[in-house]
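Examining the three-dimensional arrangement
Here are the chains, one letter per residue:
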Amino acid sequence: MPDCCIVGGGVIGLSIAREIAGRGRSVAVISRDTLRKSASWAAAGIFPAQPRDTLTDHNGSPIERLTQYSDRLHEQWTKSLLEETGINNGFRRCGSLAMATTKETVSQIQANEEKWKRLRVKHESLSPTDLSDIEPVLHGAVITRQVRKAFYLPDETQVRPPRHLAALRSACLSRGVEILDGHHVLDFEFDSNRIVAINTEDQNSTPRSIRGDQFCIAAGAWSEQLLQKLDIKLPTKPWRGQILLHKMEPGVLRHIINFGSGLDYMIPRDDGHLLIGSTIEDAGFDSSTTPASLCRMKKIACEVLPDVMAQEPTSSWAGLRPGSPDGLPTVGRIPSADNAWLATGHYRSGFHLSTGTALLISDSMCGIPTELPLDSFSTDREGLRRLTRSTK
Ligand SMILES: Cc1cc2nc3c(=O)[nH]c(=O)nc-3n(C[C@H](O)[C@H](O)[C@H](O)COP(=O)(O)OP(=O)(O)OC[C@H]3O[C@@H](n4cnc5c(N)ncnc54)[C@H](O)[C@@H]3O)c2cc1C
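Conventions used here
- Residues numbered from 1 in each chain as written.
- Predicted model: local features only at pLDDT ≥ 70, side-chain atom pairs only at ≥ 80, totals over all residues.
- Heavy atoms only, no water.
- Pairing = 2+ DSSP bridges.
- Helix = DSSP H or I, 4+ residues; strand = E, 2+ residues; numbered from the N terminus.
- Axes fitted to C-alpha atoms, helices over the stretch in contact; angles between N-to-C directions.
- Contact = heavy atoms within 4.5 Å.
- Phe/Tyr/Trp six-rings, centres within 6.5 Å; stacked < 30°, edge-to-face > 60°.
- Buried < 20%, exposed > 50% of the residue type's maximum accessible area, 1.4 Å probe, protein only.
- Disulfide = S-S within 2.5 Å.
- 1 Å grid on protein atoms, 1.4 Å probe; cavity = no way out; pocket = protein on both sides within 12 Å on 5 of 7 lines; lining within 4 Å.
- Points joined across faces, edges and corners; volume = space filled by probe spheres on them.
- Nonpolar A, V, L, I, M, F, W, Y, C, P; charged D, E, K, R; others polar.
- Right-handed = clockwise from strand over helix to strand, strands pointing away.
- Salt bridge = Lys/Arg side-chain N within 4 Å of Asp/Glu carboxyl O.
- Near = heavy atom within 4 Å.
- Polar contact = N/O pair within 3.5 Å; in protein donor to acceptor, adjacent residues only side chain to side chain.
- Domains from an automatic or database assignment.
- Core = buried A, V, L, I, M, F, W, Y, C linked by side-chain atoms within 4.5 Å.

A few points about the sheet that holds strand E2 (residues 27-30)
A sheet is described by the order of its strands in space; here 6 strands give the open sequence E8-E2-E1-E12-E19-E18, paired in mixed fashion. The sheet terminates laterally at strand E8 (178-180) and strand E18 (330-333), the two strands that pair on one side only. Put simply, the sheet's adjacent strands are angled 15 degrees from each other on average, direction ignored. Strand direction decides the pairing type here: strand E1 (residues 4-7) and E2, joined by 4 bridges, are parallel. Each residue of the ladder has a partner; that of Cys-5, found in E2, is Ala-28. Across the sheet, helix H10 (residues 350-365) is in contact with strand E12 (214-217), E18 and strand E19 (340-344); its angle to E19 comes to roughly 175 degrees.

Below you can see the structure in the form of structure tokens.
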């Protein structure tokens, strides 16, 4: 019987499993699908630039502090994952360019500038000449005045999600974590206020009961159905995001490009792959790509990189981000069971927030005081109560 059973084998479940196993506990990860079907595999892997000075509860909101806490852990995690597994997750501080190519995106970028100033995130306004110097491939877009406003953010970082997930899985296995893929968790068995087992079915519909001492639900966009079995009402709506992949010569584009508010972006990998994203769509649990969205994304990229974009894309995919009614993740204890925790609803930032979430959940499971207070992310937080009450 494992000490901890984690439901969900995406970046959140695997990060928690690795952390807890590293503290000497026995851990099982139970996952219904292969990694390719998770939001985590589909992610772009952008970690927005963070303030260099430590945020406190006086100058940063709870989510801003969780983001900075998580961001600071990634470099260390990258090093230790490489040592443990030999897998390089592609983490690098490549910096980004925030650009506006339309009137609408100029105002979005101005709103972002306010936030960077408030948080003291390092940023620099760029003239057209600066922009061409820093990213020569954009010279054409600069002279045809496609770019109306631009900023340079040197601290923006990227990671390659499939590689990071491969490293996490491998590290989990070498720390003795049992990973049970293809097991659909159906419900829970209780003994008074404690969960004693979870009931699963495998791909052949063979039932299995998995007993454990502590449990954590990290089932991404599918968490809501499981939580209903625990008397918790927590909408975790799936928000589809699509990505288009191109291949170009390595080094042609050096920085992440964020258009306007950052929903549309391009990410150059060091081997020349170029990811173009994304969409935010309410399409239920349908994780297919659509020609219209892929065409729109390609058009945006073509405005600034027409030559590179002349070729056919290499691939495309979509994933389902786990949404929440107030936009915040839920991280902490499950009130209806004495030995259960929850980590879900990370929406557009689950990769970035995975390290901090793993430490907070692991500390809480081990009875250690957490580095950040968990009340703002509890199932009982005021904003969430208000919103779920009004949707009843
Ligand atoms: C296109 C796109 C781009 C993104 N870009 C970024 C980015 O740049 N930066 C960033 O930080 N984040 C990004 N995200 C968001 C990020 O991917 C998610 O927030 C994160 O992956 C959520 O991880 P998760 O582990 O909670 O969920 P998932 O990765 O979806 O994992 C959920 C797991 O639960 C399992 N599961 C579900 N139900 C059951 C059940 N009943 N029984 C057993 N197992 C079950 C599934 O099989 C799966 O293994 C992006 C997402 C998308 C789609």
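Notes on the packing of aromatic side chains
Following the criterion strictly, the structure yields 4 aromatic pairs and no others. Both rings, one in Phe-47 and one in Phe-91, keep their centres 6.4 Å apart while their planes meet at 50 degrees; by these two values the pair is tilted. Of the two residues, Phe-47 sits in strand E3 (residues 46-47) while Phe-91 sits in the loop between helix H3 (62-85) and strand E4 (96-100), which places them 44 residues apart along the sequence. Here Phe-47 falls in the buried class, since its relative accessible area comes to 0%. Overall, the relative accessible area of 17% leaves Phe-91 in the buried class. Note on Trp-116 and Phe-151: the rings are 5.5 Å apart at their centroids and 70 degrees apart in plane angle, and the pair reads as edge-to-face. With Trp-116 in helix H4 (residues 103-119) and Phe-151 in strand E6 (residues 149-153), this residue pair connects regions lying 35 residues apart in the sequence.

Focus on the sheet that holds strand E14 (residues 256-259)
Spatially, 8 strands are ordered E5-E6-E4-E14-E15-E16-E13-E17 in an open sheet, and the strand pairing comes out mixed. If you trace the sheet from one side to the other, it starts and ends with strand E5 (124-125) and strand E17 (315-322), each paired once. Contacting E4 and E6, H4 runs over the sheet at an angle of about 35 degrees to E6. Sheet strands in contact with helix H9 (residues 291-304) are E4, strand E13 (238-247), E14, strand E15 (264-268), strand E16 (273-277) and E17, and its direction is about 50 degrees off that of E13.

Brief notes about the state of the cysteines
Taken as a whole and judged by the stated rule, the model has 0 disulfides. No disulfide involves Cys-5; its nearest neighbouring cysteine sulfur is the one of Cys-4, lying 7.9 Å away.

Brief notes about the pairing of E15
With respect to burial, E15 is a largely interior element, 5 of its 5 residues being buried. Taking every second residue as pointing to the same face, both faces of E15 are buried, with Asp-264, Met-266 and Pro-268 on one and Tyr-265 and Ile-267 on the other. Here E14 folds back onto E15, and the loop between the two strands holds 4 residues, one of which, Gly-260, carries a positive phi near 55 degrees. Relative to E16, E15 is paired through 4 bridges, and the arrangement is antiparallel. When the sheet's bridge partners are listed, Met-266 is paired in E16 with Ile-276.

A closer look at the layout of surface pockets
If you add up the space inside the second largest pocket, you get close to 270 Å³. What lines the second largest pocket is a set of 15 residues, and nearest its centre among them are Thr-102, Thr-105, Asp-264, Arg-296 and Ile-300. Broken down by secondary-structure element, the contributors of at least two residues to the lining of the second largest pocket are H4 and H9. Classifying every residue of the lining of the second largest pocket gives 3 nonpolar, 7 polar and 5 charged.

Regarding the pairing of E2
It is a general feature of regular strands that their side chains alternate between the two faces of the sheet. Because side chains alternate across E2, one face comprises the buried residues Val-27 and Val-29, and the other comprises Ala-28 and Ile-30, equally buried. Each parallel crossover has a hand, and for E1 linked through helix H1 (residues 11-21) to E2 it is right-handed. Where E2 lies against E8, 3 bridges are found, and the strand directions are parallel. If you follow Ala-28 over to E8, its bridge partner there is Glu-178.

Things to note about the pattern of salt bridges
Pairs can form between side chains of opposite charge whenever their charged atoms are close. Tallied over the full model, the rule gives 21 salt bridges. Notably, a salt bridge pairs Arg-23 with Glu-19, separated by 2.9 Å at the nearest N-O pair. Looking at Arg-23, the relative accessible area reads 28%, which means it is partly exposed. The residue Glu-113 makes a salt bridge to Lys-117 at a minimum N-O spacing of 3.6 Å.

Side note on the site of the ligand
Inspection of the region around the ligand gives 40 residues, with Ser-40, Ile-46, Val-185, Tyr-347 and His-352 positioned closest. Ile-46 places a main-chain nitrogen or oxygen 2.8 Å from an oxygen atom of the ligand. Within the backbone of His-352, one N or O atom sits 2.7 Å away from an oxygen atom of the ligand. Contributing elements (two or more residues each) for the shell around the ligand: H1, helix H2 (39-42), strand E9 (184-191), E13, E17 and H10. Taken together, the residues that form the shell around the ligand break down as 19 nonpolar, 17 polar and 4 charged. Mapping the shell around the ligand onto the domain boundaries places at least three of its residues in each of domain 1 (4-87 + 161-236 + 326-390) and domain 2 (96-154 + 238-322).

Let's talk about the nonpolar core
Ile-16, Val-27, Val-177 and Ile-361 are the most contacted members of the largest nonpolar core, which has 54 residues in total. Looking at this core, you find at least three residues from each of domain 1 (4-87 + 161-236 + 326-390) and domain 2 (96-154 + 238-322). Those residues in contact with Val-177 that sit more than four places away from it in its chain are Ala-17, Ala-21, Val-27, Val-29 and Cys-172.

A short note on the side chain of Gln-50
Structurally, the position occupied by Gln-50 is in the loop between E3 and H3. Its relative accessible area of 13% is what places Gln-50 among the buried residues. Within the structure, Gln-50 has its side chain in polar contact with the backbone oxygen of Pro-48 (distance 3.1 Å). Not counting residues within four places of it along the chain, the set of residues in contact with Gln-50 comprises Glu-64, Thr-67, Gln-68, Asp-71, Val-121, Asp-155 and His-352.

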